[in-house]
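The residues making up each chain are set out below.
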Amino acid sequence: MLFITLSPLMAQRRGGGGVPGATPVVDPAVAAAARRQATKGDSAFIRDHYKKIEVMVPMRDGAKLYTGIYIPKDSTKKYPIMMSRSPYGSGPYGAATYKTLLGPSILFTKEAFIFVYQDVRGKFMSEGDFVATKPYIVDKKSNKDIDETTDTYDTIDWLIKNLPNNNGKVGTWGISAPGFYTTMTAIDAHPALKAVSPQAPVTNWFLGDDRHHNGVFQEMGTFAFLSSFGVPRPTPTTRNAPGFNNYGTPDGYQFYLSMGPLKNFNEKILHHTNPLWDEMMEHGNYDQYWQSRTPEPHLKNIGPAMMEVGGFFDQEDPYGPLKTYASIEKGGHKDKNMLVMGPWFHGGFSRGDGDFLGNIRFGDQKTGAFYRENIEFQFFMHYLKDAPDAQLPKAYMFESGSNQWRKYSAWPPVEAVQKAIYLQPGNKLSFDKPKAAKFSFDQYISDPAKPVPYSAAINTIRGSEFMIEDQRFAATRPDVLAYQTDVLTKDVTIAGNVMADLFVSTTGTDADFVVKVIDVYPDDAPNNSPVAGTKMGGFQMLVRGEIMRAKYRNSFSKPEPMMPGKVTEVKWDVEDINHCFLKGHKIMIQIQSTWFPLNDRNPQKFVDIYKASEADFQKATQKVYFSPQYPSHVDVKLIEK
């Protein structure tokens, strides 16, 4: 690979681009082209209008990080810098090979910025050692105390001082793991950093993103991901390590069930060749290893303008944007801090029209295109090119069900009212407190050998459509409890955080509980699914679901066994929704103890699950109570109209 040094770029650009004071209103022709090119991009345009260079940017400790830079050929103007840092590679590598899309969308490519893509330390072509979600060092004493904030600061400082025709302003963005690195750019930020957008950011790998949810190991997604991502990189390379694909069956449920306990992955496949997997197996609780890896406690007095972006149906990182936004609100910020959430899977806002997901249409709303044109582009144009302020709200949230964008002055909305939806006898659900006898309950037998599947689909890769899938396949199982309201006589809108609060008992010494919030369609619902042949009558749309490991009910750091047969309160964060349950629909809550192989199986015995053997797994009888003394319910925030 040839790395070249910087020199003034005098070639003239042949068209496109914009000027620092450009209006944020998107030209209709450009917007139409952007929609057509949102995913495929335009390499010919980029070659015509940008010069690519590759440099190794020096860090304060002497390490050098690979950085690919695309500079507009029109040297008569000054441009802000848009930077993304990633552990997934910054290719294509080589000064003669160009990306097909620059920036978050084609709108940025056409407008003209200086685009910077950097391999994080220890990944692909960058020097140094890679540490996943590297901890932030609070008290740095020397140039050897490096983390992602110092690598970002040093990179921005070098770019501002060395790139020709930059206007002294920098913006950062990134989706998923690059979203984590984007969040870190805002901590101890360089003065030139003006706008930051963590998008579906990895934020806490134990409580709610990717690897664990509420302490429950995300087995299917984590094994597939770490089989490649966790492989050591002995020397700099332009190639990614191949992941595991020898499943031997198209049925992931069967593959993971046959694998047995988590320790068998090393015994049968990995053989301790994957250090990151081994680290996770050694840190089964929320100890310092995990606590040090979240940026949440360090999001204080943030200087740049912030825009957190996520999807309500994100299968990987629903926690990240919500908790990053909340942490910044709590820790303080000097400029704007806003939250954008739409009806998207992981990163779905960055591509496609976004007018449907799976079987669910969002009316005539092209949510992805709307976001890219009217929110994301406007945000960066204002802060980096001094375009007029688009007056974006504090929270720009899409309300599914009614299929409308909502603007709120805060999230959760200040007008939202706290309510509880209570479980009732006879599989009923209502906003009234239960009046049943003291020990009224429903029960089921949870068998780890026959776990409830997370999806009716047959696949080996987790996928994403399960986040909005019809739940009738699960409702018919004897180990799934289902409670529903009467037919709604008016619209019911839930906007904000959902908390499960169950009173349960088990015959084991540990247990998992899953709560799923579901929108039940009328039997005569129109068959308007984009999937041909789908009958929407009685459709049970998953709106939100989350799992909780009962041993963490009081502390994620200090697990406690369940006392067999004792009624115990278990509360957990189900994350946020913004959904309108329409008149004529029903609200349903499903409860179960397995959700496999999305989540690992609980042996239902108080043991170190990462070291558990097959003999540790046992059946257990789970009881869920509903009475004035033990009022199992789900707390929601209602927008009353």
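This structure is a prediction, so every number in the text was calculated from the model and none was measured. (Residues numbered from 1 in each chain as written. Predicted model: local features only at pLDDT ≥ 70, side-chain atom pairs only at ≥ 80, totals over all residues. Heavy atoms only, no water.)

Draft legend 1. Spatial organisation of unusual backbone geometry. With an omega of 5°, the peptide bond running from G91 to P92 counts as cis. Note on placement: P92 falls in the loop between β3 (79-86) and α3 (106-111). Looking along the chain, the bond that leaves F596 and enters P597 is cis, with omega of -5°. With a phi close to 50°, F124 is a non-glycine residue in the positive phi region. Position of F124 among the secondary structure elements: in the loop between β4 (114-119) and α4 (148-162). (Helix = DSSP H or I, 4+ residues; strand = E, 2+ residues; numbered from the N terminus.)

Draft legend 2. Structural context of the pairing of strand β15 (residues 417-424). Direction of pairing for β15 relative to strand β25 (residues 633-639): antiparallel, over a ladder of 6 bridges. Residue pairing in the sheet places Q418 in a bridge with K637 of β25. Bridging between β15 and strand β16 (residues 428-430) involves 3 bridges; their strand directions are antiparallel. If you follow Y422 over to β16, its bridge partner there is S430. Two successive antiparallel strands, β15 and β16, enclose a turn made up of 3 residues, where G426 displays a positive phi of approximately 70°. (Pairing = 2+ DSSP bridges.)

Draft legend 3. A look at the confidence of the model for the chain. Chain-level pLDDT for the chain is 93 on average; 94% of the residues reach the 70-or-more range. Low confidence marks residues 1-40, where pLDDT is under 50. Its contacts with residues over four positions away, or in another chain, come to 100 contacts. (pLDDT = per-residue confidence, 0-100. Contact = heavy atoms within 4.5 Å.)

Draft legend 4. How the structure looks around the packing of α4 against helix α5 (residues 177-185). The contact between α4 and α5 brings their axes to 8 Å, and the two run at 75°. One way to sum up the angle between α4 and α5 is to call them roughly perpendicular. Each of E148, T149 and T152 in α4 lies in contact with α5, whose residues at this interface are F180, Y181, M184 and T185. For the contact of α4 with α5, the residue count by class is 3 nonpolar, 3 polar and 1 charged. (Axes fitted to C-alpha atoms, helices over the stretch in contact; angles between N-to-C directions. Parallel < 35°, antiparallel > 145°, perpendicular 65-115°, else oblique. Nonpolar A, V, L, I, M, F, W, Y, C, P; charged D, E, K, R; others polar.)

Draft legend 5. Representation of the pattern of salt bridges. Tallied over the full model, the rule gives 28 salt bridges. A salt bridge links D147 to K140, with the shortest nitrogen-to-oxygen separation between them at 3.1 Å. Take D147: its relative accessible area is 0%, and that puts it in the buried class. Taking the shortest distance from any N to any O, the salt bridge between K611 and D608 comes out at 3.6 Å. (Salt bridge = Lys/Arg side-chain N within 4 Å of Asp/Glu carboxyl O. Buried < 20%, exposed > 50% of the residue type's maximum accessible area, 1.4 Å probe, protein only.)

Draft legend 6. Region of interest: the packing of aromatic side chains. Applying the stated criterion across every chain, the model contains 54 aromatic pairs. Consider the rings of W344 and F349, whose centres lie 5.5 Å apart with planes at 70°: the pair is edge-to-face. Measuring from ring centre to ring centre gives 6.2 Å for Y483 and F626, while their planes differ by 70°; the resulting arrangement is edge-to-face. With Y483 in strand β18 (residues 481-484) and F626 in the loop between β24 (620-625) and β25, this residue pair connects regions lying 143 residues apart in the sequence. (Phe/Tyr/Trp six-rings, centres within 6.5 Å; stacked < 30°, edge-to-face > 60°.)

Draft legend 7. Broad picture of helix α11 (residues 319-331). The first and last C-alpha atoms of α11 sit 18 Å apart over 13 residues, in line with the 18 Å expected at 1.5 Å per residue. Contacts from the buried residues of α11 go to α5, β9 (305-311), β10 (337-342) and β22 (568-581). One or two positions beyond α11, positive phi appears at G332, with a value near 100°. (Expected span 1.5 Å × (residues − 1).)

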